[in-house]
Amino acid sequence: MTDTPNPHAEPWQWPEPTWRNIVGRARAGRSLAPTAWPGGARCAVAISFDADHETIPLRDSDESPMRISQGQYGNRRAMPRILKLLDREAIPASFFYPAVSALLHPEEVRRVAAAGHEIGIHSWIHEANTKLPPGAERDLTFRAADTLESLTGTRPVGMRTASWDFSVDTLDIIRELGLLYDSSLMADDDAYELEADGKPTGVVELPPEWIRDDAVYWNFVRFSGLRPYTPPSSVLEIFKSEFDGAYAEGGMFLLTLHPHISGHRSRLPVLEQLIAHIKATGPCWFATHADIARYCKENAAEPSA
Ligand SMILES: [Zn+2]
C-alpha cells in the first residue's frame, strides 16, 4: 500500500491506509495541559505578534509601494506603540519574524529581544509551505533560524509557520531543527504533544486559532473582496470571551496579532483593554510561548506513554 494517495484516485476510492496515513502525519497526541500554573495563576496568557511587515506583498511578488508602505507602518508606528504598551504592562510576548522582515529591521529585532521578549521563526519571506517545490521548505526554514540567531545571538526554540501553512514536511523539519515547540496547528485549546504516524515526537504544539487572530477581522486587501472592517469593540468582545473560557477552564489563552494590522490608533486600545480585563479577572501567568511550552512539557497532568 502506498503512503500517499494515488493522484488518479478520488478520495472516495482511497483505501483505508491512505486516509489513516493522511490524518496521522502531525496529529494531536497527549494533552500537555498542566494541573496548575506557576504562582497560583488560573490561566496562562500567551500574546504573540507575527511581525510580517513588508513580507506579505513581497511574498506575493507585489512591488506596489502602497502595499510595501502598509508593511513599513508595522515597523515605523506599530512596533514602538506595542513595545511601549508591553513595557508599561510588564508583559513578555513572543514575536515571530520572517527572516526577510528581520533583515529589513535588524534594530527592531534586537530591541524586541533586549526587552526580554521571545523571537521565533516565521518562514523566510512569508512563503506558503504547501506551494513550495520539494526541499525548499527545509532550506528556507534552516536559513531563517540561522538569520534570527545571527541577529539576536540566541537560537530560536519555536516556530509559527507563515499563514499557519504547515506542510506534510514541516514536522520533520521541526524535529531536525530540534525545536521545543510549534504554534500553527489547531487540534486543541491547550498545549499538546505532536505525534507523527502514531508516535510521540516530544514537540509541543501551542495551538493558535483564527478566532484569536486580528487579521480575520481587520485585514483589508484593496484588489479583492477581502474587506472585513469589524468594529474594534466587536473584536474586543470576541477576544474577551475566548479569554473568559480559558480562565474558566484553567487553560491557556493564546492571541495572535500583527503589528501592521493591530498597531493602529483605533485598534491597539483593543489589546490594552483586553489586558486590563485579564488582569481584573484574576491571577494569570503572562509568559512567552517558549516558557509556556517548556512548563507544559515538564508539568503535563497526563503522563507520557
Ligand atoms: Zn505572518
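The structure under discussion appears in the preceding block.
Residues numbered from 1 in each chain as written. Predicted model: local features only at pLDDT ≥ 70, side-chain atom pairs only at ≥ 80, totals over all residues. Heavy atoms only, no water.

Some words on helix α3 (residues 65-89)
For α3, with 25 residues, the first-to-last C-alpha span of 35 Å sits near the 36 Å given by 1.5 Å per residue. If you look at α3, its biggest bend is around 45°, right at Ala78, and the proline Pro80 turns up within four residues after that. Inspection of α3 places Arg67, Gly71, Gly74, Ala78, Met79, Ile82, Leu83, Leu85, Leu86 and Glu89 among the buried residues, and these make up the whole buried set. Tucked inside the fold, the buried residues of α3 contact β2 (43-50), α2 (55-59), β3 (94-97), α5 (106-114), α10 (259-262) and α11 (268-281). Of the residues trailing α3, Ala90 is marked for its positive phi of about 55°. (Helix = DSSP H or I, 4+ residues; strand = E, 2+ residues; numbered from the N terminus. Expected span 1.5 Å × (residues − 1). Bend = angle between axes of the 7 residues up to and from the residue. Buried < 20%, exposed > 50% of the residue type's maximum accessible area, 1.4 Å probe, protein only. Contact = heavy atoms within 4.5 Å.)

Section: the coordination of the zinc ion
Protein coordination of the zinc ion is provided by Asp52 (OD), Asp52 (OD), His122 (NE2) and His126 (NE2), with donor distances spanning 2.0 to 2.5 Å. Seen from the zinc ion, its four donor atoms lie at angles of 53 to 137°, and the figure they make is irregular. Positions of the donor residues of the zinc ion along the chain correspond to the pattern D-x69-H-x3-H. Pair noted here: Asp52 is in the loop between β2 and α2 and His122 is in the loop between β4 (118-121) and α6 (136-152), with a separation of 70 residues, a long-range link. Pair check on accessibility: Asp52 and His122 agree, each one buried. (Donors = N, O, S within 2.8 Å, 3.2 Å for Na, K, Ca; no water. Tetrahedral: all angles 85-135°; square planar, octahedral: opposite > 155°, others 65-115°.)

Considering the packing of α3 against α11
The interhelical angle for the contact between α3 and α11, taken along N-to-C directions, is 15°, at an axis separation of 11 Å. Considering their axes alone, α3 and α11 lie roughly parallel with respect to each other. In this structure, α3 meets α11 at a crossing whose hand is right-handed. Packed against α3, whose contacting residues are Arg81, Ile82, Leu85, Arg88 and Glu89, the element α11 presents Leu268, Leu271, Glu272, Ile275 and Lys279 at the interface. For the contact of α3 with α11, a count of residues per class yields five nonpolar, no polar and five charged. (Axes fitted to C-alpha atoms, helices over the stretch in contact; angles between N-to-C directions. Parallel < 35°, antiparallel > 145°, perpendicular 65-115°, else oblique. Left-handed = near helix turned anticlockwise from the far one by under 90°. Nonpolar A, V, L, I, M, F, W, Y, C, P; charged D, E, K, R; others polar.)

Remarks on the nonpolar core
In this structure, Val45, Phe49, Phe95, Tyr97, Phe253 and Leu271 are the most contacted members of the largest nonpolar core, which totals 62 residues. If sequence neighbours within four positions are ignored, Leu271 has contacts with Ile47, Phe49, Leu85, Leu255 and Leu257. Core analysis: the second largest hydrophobic core is formed by 21 residues, Ala41, Ala44, Leu254 and Trp285 among them. (Core = buried A, V, L, I, M, F, W, Y, C linked by side-chain atoms within 4.5 Å.)

Description of the packing of aromatic side chains
Overall, the coordinates contain nine aromatic pairs when judged by the stated rule. Taking the centre distance of 6.0 Å and the plane angle of 40° together, the rings of Trp37 and Trp285 count as tilted. One end of the pair, Trp37, is in the loop between β1 (27-31) and β2; the other, Trp285, is in strand β10 (residues 284-286), and 248 residues separate them in sequence. Centre to centre, the rings of Trp164 and Trp210 are 4.4 Å apart; their planes meet at 55°, and the pair counts as tilted. Taken together, the residues Trp164 in the loop between β5 (158-159) and α7 (170-177) and Trp210 in the loop between β8 (199-205) and α8 (214-218) connect sequence positions 46 residues apart. The class of Trp164 is buried, set by a relative accessible area of 9%. With a relative accessible area of 40%, Trp210 lands in the partly exposed category. Cluster of aromatic residues (ring-pair linked, three or more members): Trp37, Trp285 and Tyr295. The ring centre of Phe142 lies 4.4 Å from the NZ or CZ of Arg138, which sits over that ring. (Phe/Tyr/Trp six-rings, centres within 6.5 Å; stacked < 30°, edge-to-face > 60°. Lys NZ or Arg CZ within 6 Å of the ring centre and 35° of its normal.)

Remarks on the packing of α3 against α5
Where α3 meets α5, the axes come as close as 12 Å, and the angle between the chain directions of the two elements is 5°. Overall, the two elements α3 and α5 adopt an arrangement that is roughly parallel. Only Glu108, Arg111 and Val112 of α5 make contact with α3, whose side of the interface consists of Asn75, Met79, Pro80 and Leu83. Looking at the contact of α3 with α5, its residues break down into four nonpolar, one polar and two charged.

Some remarks on the layout of surface pockets
If you roll a probe as big as a water molecule over the atoms, it shows you where there is empty space left. In this model, the largest pocket occupies a volume close to 610 Å³. Along the wall of the largest pocket there are 32 residues; nearest its centre are Ile56, Ala215, Asn219, His260 and Ile261. Among the secondary structure elements, those contributing two or more residues to the lining of the largest pocket are α2, α3, α8 and α10. Here the residues of the lining of the largest pocket sort into 14 nonpolar, eleven polar and seven charged. (1 Å grid on protein atoms, 1.4 Å probe; cavity = no way out; pocket = protein on both sides within 12 Å on 5 of 7 lines; lining within 4 Å. Points joined across faces, edges and corners; volume = space filled by probe spheres on them.)

Some details on the pattern of salt bridges
Summed over all chains, the structure comprises 15 salt bridges. The residue Arg143 makes a salt bridge to Asp139 at a minimum N-O spacing of 3.3 Å. With a gap of four residues between them, Arg143 and Asp139 both fall in helix α6, about one helical turn apart. According to the relative accessible area criterion, Arg143 is partly exposed, its value standing at 36%. Through salt bridges with shared partners, a single network forms among Arg59, Asp60, Asp62 and Arg67. (Salt bridge = Lys/Arg side-chain N within 4 Å of Asp/Glu carboxyl O.)

A look at the environment of Trp124
One can find Trp124 in the loop between β4 and α6. For Trp124, a relative accessible area of 17% corresponds to the buried category. Placed 51 residues apart in sequence, Trp124 and Tyr73 show a C-alpha to C-alpha distance of 20 Å. Residues in contact with Trp124, not counting those within four places in the same chain, are Pro98, Ala99, Val100, Leu103, Leu140, Arg143, Ala144 and Thr147.

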